[in-house]
Each structure stands twice: as C-alpha cells, then as structure tokens.
Amino acid sequence: MGAFDSLRIAGSGLGMHQTWLDALAHNIANVGTVRGTDQDAFQAQLVVAESRDDGGVRVREVALSDAEGRLTYQPDHPLADEEGYVRLPDMDMSDQMSELIMAQRGFQASAQVTKFAQDTYSTAVGIGR
C-alpha cells in the first residue's frame, strides 16, 4: 500500500467521522427537547457506515431514531397533556457522550494516519531530488 492509498483511506475515515461528529453534536443539542404528546419526539441522527471496496469507509445513510420517543410525567410543563405527560427523545446524554468519544478518537486516528502518509510522501519526494 502506497502513501496515496493511505491518504485516500484515511481521508474517507475523516469524512465519515466528521459526519458522525456532526450528527452527535445535533443529538446532544436536542437531548432535552420536549414536545407535546400529540407530536413526534425529536429523532436522533444515527450514522450508518460501511466499508468500500478500496479499503476506505463511507456513510451509507443517516437514519433517524424512533419518533415515538418516551413519555415522561411532567405535569407542570407547559406542553404537558391533560394527564401530565410530555414526549422526550429516546436517547440519553451518557450514550451520546460515549459515542462522541469514539467518534473523536476515530477522527484523531485518521488525522494521524493522514499526517504520517503526507510526511512519508514528502520524504520520498525529497530523496528523489
């Protein structure tokens, strides 16, 4: 595998991890979104990745979580129904933060591979001069 192959594969990883990080940021910003029981809950973005034939990775789709969410008893909330329930997303902050750590580490690893491949390529070009 040459430096260009490494750059291409690591670049695909950077793109996939950036999409994952963006989705997680959107989810974290909306983890506490409250809606009335007559509305759909906020739907978390779920990044689905797949391998490519050339060794890289791509985002196959950005799926959405269940619109049903979870009902929570909050009778004092202005959006509460007559029984005192509101609808919240079916996700929690701890899961989102765990995924955020994994996505950040994957992004950092891809960035390091990219830097290493660039350094290797630059050294090879310097030898040829």
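For every chain, the first residue of its written sequence is number 1, and the numbers climb from 1 along that sequence. The predicted origin of the model limits local features to residues at a pLDDT of at least 70 and limits the giving and counting of side-chain atom pairs to 80 or more, whereas totals for whole chains, interfaces and linings rest on all residues. Excluding hydrogens and water, the side-chain values take into account all heavy atoms of the structure.

Focus on the overall build of the protein
Numbering of helices and strands starts at the N terminus; helices are DSSP runs of H or I of at least 4 residues and strands are runs of E of at least 2. A tally of regular secondary structure across the protein gives two helices and four strands. The N-to-C order of helical and strand elements in the protein reads α-β-β-β-β-α. Our radius of gyration is a C-alpha quantity, and the globule rule it is checked against amounts to 2.2 Å times the number of residues to the power 0.38. Here the protein has a C-alpha radius of gyration of 21 Å; the compact-globule value for 129 residues is 14 Å, and the former is much larger. Projected onto its principal axes, the C-alpha positions of the protein cover 80 × 25 × 15 Å. Contacts: residue pairs with any heavy atoms within 4.5 Å of one another. Across the protein, the fraction of contacts at a sequence separation of at least 24, relative to all contacts at a separation of at least 6, is 56%.

Some points on a negative patch on the surface
Patches here: salt-bridge-free residues with over 30% relative accessible area, like charges joined within 9 Å, nonpolar side chains (Val, Leu, Ile, Met, Phe, Trp, Tyr) joined within 5 Å. Reported accessibility uses the Shrake-Rupley method at a 1.4 Å probe radius. Residues are deemed covered only where the shown protein chains occlude them. Any Lys or Arg side-chain nitrogen located within 4 Å of an Asp or Glu carboxyl oxygen qualifies as a salt bridge. Only four residue types enter the tally: Lys and Arg on the positive side, Asp and Glu on the negative side; His and the chain ends are excluded. Think of each charge as sitting on NZ of Lys, CZ of Arg, CG of Asp or CD of Glu. Residues Asp40, Asp66, Asp90, Asp92 and Asp95 make up a contiguous surface patch of negative charge. By secondary structure assignment, the location of Asp90 is in the loop between strand S4 (85-88) and helix H2 (93-127).

Observations regarding the nonpolar core
Side-chain atoms within 4.5 Å are what join buried Ala, Val, Leu, Ile, Met, Phe, Trp, Tyr and Cys residues into a set we call a nonpolar core. Between buried and exposed lies partly exposed: a residue is buried under 20% and exposed over 50% of the maximum accessible area for its type, with that area taken using a 1.4 Å probe on protein chains only. Counting five residues, the largest nonpolar core is built from Trp20, Leu21, Leu24, Leu100 and Ala103. Of all the secondary-structure elements, those providing two or more residues to this core are helix H1 (3-29) and H2.

Description of the side chain of Ser65
With respect to the element layout, Ser65 can be found in the loop between strand S2 (57-64) and strand S3 (70-73). By relative accessible area, Ser65 is classed as buried at 13%. Here the side chain of Ser65 touches Ala44 through a polar contact of 2.8 Å, landing on its backbone nitrogen. Apart from the residues lying within four places of it in its own chain, the contact partners of Ser65 are Phe42, Gln43, Ala44 and Leu46. Think of a polar contact as two N or O atoms within 3.5 Å of one another; within protein, one of them needs to be a possible hydrogen donor and the other a possible acceptor, and neighboring residues in sequence only count if both atoms come from side chains.

Some details on the side chain of Thr114
Mapped onto the elements, Thr114 comes out in helix H2. What makes Thr114 buried here is its relative accessible area of 15%.

Focus: the pairing of S2
Strands qualify as paired when DSSP identifies two bridges or more between them. In this sheet, S2 lies alongside strand S1 (residues 45-51) in antiparallel orientation, the contact comprising seven bridges. When the sheet's bridge partners are listed, Val48 is paired in S2 with Glu61. Counted along the chain from S1 to the antiparallel partner S2, the turn is five residues long, and its residue Gly55 has a positive phi close to 95 degrees.

Focus: the environment of Thr123
Here Thr123 is to be found in helix H2. For the pair formed by Thr123 and Pro78, sequence separation is 45 residues and the distance between their alpha carbons is 64 Å. A distance of 2.9 Å separates the side chain of Thr123 from the backbone oxygen of Asp119, its partner in a polar contact.

Comments concerning the pattern of salt bridges
Between side chains of opposite charge, a pair can form when the charged atoms approach closely. Evaluated as defined, the whole model comprises seven salt bridges. When the shortest N-O distance is used, the salt bridge between Asp54 and Arg8 registers 3.1 Å. Of this pair, Asp54 sits in the loop between S1 and S2 while Arg8 sits in helix H1, and the two are 46 residues apart along the sequence. Of the residues examined, Asp54 reaches a relative accessible area of 34% and is grouped as partly exposed. Of the charged contacts, one joins Glu50 and Arg58 as a salt bridge, the two residues approaching to 3.0 Å between their closest N and O atoms. Taking relative accessible area as the criterion, Glu50 reaches 27% and is therefore assigned partly exposed.

It is worth stressing that arrangement in space is one thing and function is another; only the former is reported here.
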